[in-house]
Amino acid sequence: MTDVRGALLQQIKDKAVVHGKVTLSSGLEADYYVDLRRVTLDGEAAPLVGQVLLDLTADLEFDAVGGLTMGADPVAGAVLHAAAARGKKVDAFVVRKAAKAHGMQRRVEGPDIAGRRVVVVEDTSTTGDSPLTAVEAVREAGAEVVAVVTIVDRATGAAEKIEQGAGVPYLYAYSKDDLGLD
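Residues numbered from 1 in each chain as written. Predicted model: local features only at pLDDT ≥ 70, side-chain atom pairs only at ≥ 80, totals over all residues. Heavy atoms only, no water.

As annotated in an unreviewed UniProt entry, the protein chain carries the name Orotate phosphoribosyltransferase and comes from Streptomyces pseudovenezuelae. As its UniProt record puts it under Function (unreviewed entry), the protein chain is described as follows: "Catalyzes the transfer of a ribosyl phosphate group from 5-phosphoribose 1-diphosphate to orotate, leading to the formation of orotidine monophosphate (OMP)." Turning to the protein chain, the UniProt annotation filed under Sequence similarities (unreviewed entry) states: "Belongs to the purine/pyrimidine phosphoribosyltransferase family. PyrE subfamily." (UniProt positions renumbered as here; feature names shortened; annotations may be inferred.)

Right under this line is the structure:
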């Protein structure tokens with residue numbers, strides 16, 4: 001058996017960490033960018049994402065995962081597939097930034113999550129705003145949020161904001177220290 005957690009960490013370091021000045025979605029500037037779509041959409045790395053996040057959430061009871069589109073979409077898909085490989089059914093859902101103006105006019109797409117226990121996922125968190133937006137939408141759709149889970153935490157306040165603002169645990173697989181970033 002391989003060290004899945006170590007293997008994913010190496011994939012992130014090799015494929016997702018980009019050095020240079022960038023402006024993050026939060027508006028903050030940084031000297032590096034962690035582009036996790038290079039991992040969550042990678043055929044070798046994405047299966048590891050699902051396994052690591054399932055291991056991280058092993059003590060939680062939930063039956064669906066998802067979050068704010070676009071960062072959360074491949075993360076939720078990875079968890080869905082990893083769960084299926086382990087013989088467990090976990091649905092995925094997508095939270096739109098705004099409800100559609102046509103069709104069913106839903107903000108949360110996928111299997112109905114009303115009355116279900118869900119985990120809100122994200123690829124990387126800086127301020128926690130994206131997961132908090134997803135938590136609000138998911139609660140409006142009638143689901144119970146049991147945790148917010150991210151692959152990489154940039155350690156800039158997301159944990160406190162989510163735990164205090166949403167009242168749910170905040171879990172992450174790796175910190176910026178794990179990636180060797182300041």
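Now that the structure is up, let's keep going.
Within the fold, A16 resides in the loop between α1 (4–15) and β1 (17–23). In this structure A16 comes out as buried when scored by relative accessible area, which is 0%. Here the alpha-carbon distance between A16 and S175, two residues 159 residues apart in the chain, equals 14 Å. A16 has contacts with Q11, Y33, V34, D35, L36, R38 and V39, leaving out every residue within four places of it along the chain. (Helix = DSSP H or I, 4+ residues; strand = E, 2+ residues; numbered from the N terminus. Buried < 20%, exposed > 50% of the residue type's maximum accessible area, 1.4 Å probe, protein only. Contact = heavy atoms within 4.5 Å.)

So, on to the pairing of strand β8 (residues 170–175). Looking at chain direction, strand β7 (residues 144–153) and β8 are connected through five bridges and run parallel. Bridge pairing in β8 links D153 to S175. As a crossover connection, the stretch from β7 through helix α6 (residues 158–165) into β8 is right-handed. (Pairing = 2+ DSSP bridges. Right-handed = clockwise from strand over helix to strand, strands pointing away.)

Here the focus is the pairing of strand β4 (residues 91–95). Taking every second residue as pointing to the same face, the buried face of β4 carries D91, F93 and V95, while none of A92 and V94 on the other face is buried. Judged from the five bridges that link them, strand β3 (residues 64–68) and β4 form a sheet pairing that is parallel. Along β4, the bridge assignment pairs L68 with V95. One crossover worth recording links β3 to the parallel β4 by way of helix α4 (residues 72–85), and it is right-handed. Bridging between β4 and strand β5 (residues 108–109) involves two bridges; their strand directions are antiparallel. Opposite V95, over in β5, you have V108 as the bridge partner.

For the structure on display, the rule yields twelve salt bridges. The salt bridge partner of K15 is E44, with a shortest N-O separation of 3.6 Å. Of this pair, K15 sits in helix α1 while E44 sits in the loop between α2 (37–40) and α3 (46–56), placing them 29 residues apart in sequence. The partly exposed category is assigned to K15, whose relative accessible area is 24%. The partner of R86 in a salt bridge is D55, and the shortest N-O contact between them spans 2.9 Å. Of the two residues, R86 sits in the loop between α4 and β4 while D55 sits in helix α3, which places them 31 residues apart along the sequence. A single network of salt bridges, built from pairs that share partners, joins D63, K89, D91 and R116. (Salt bridge = Lys/Arg side-chain N within 4 Å of Asp/Glu carboxyl O.)

Moving on, we get to the packing of α3 against α4. Between α3 and α4, whose axes approach to 7 Å, the crossing angle comes to 75°. Considering their axes alone, α3 and α4 lie roughly perpendicular with respect to each other. Touching A46, V49, G50, Q51, L53 and L54 of α3 are V75, A78, V79, A82 and A83, all from α4. Across the contact of α3 with α4, the residue classes break down as nine nonpolar, two polar and no charged. (Axes fitted to C-alpha atoms, helices over the stretch in contact; angles between N-to-C directions. Parallel < 35°, antiparallel > 145°, perpendicular 65-115°, else oblique. Nonpolar A, V, L, I, M, F, W, Y, C, P; charged D, E, K, R; others polar.)

Our next topic: α6. Of the positions making up α6, those classed as buried are A158, A159 and I162. Each buried residue of α6 lies within a common arc of 100° when the element is viewed along its axis, so the set occupies one face. Of the exposed residues in α6, the ones pointing more than 90 degrees away from its buried face are Q164 and G165. Close packing links the buried residues of α6 with β6 (117–125), α5 (129–140), β7 and β8. The positive-phi residue at the C-terminal boundary of α6 is G167, with phi of around 70°. (Arc of directions from axis to C-beta.)

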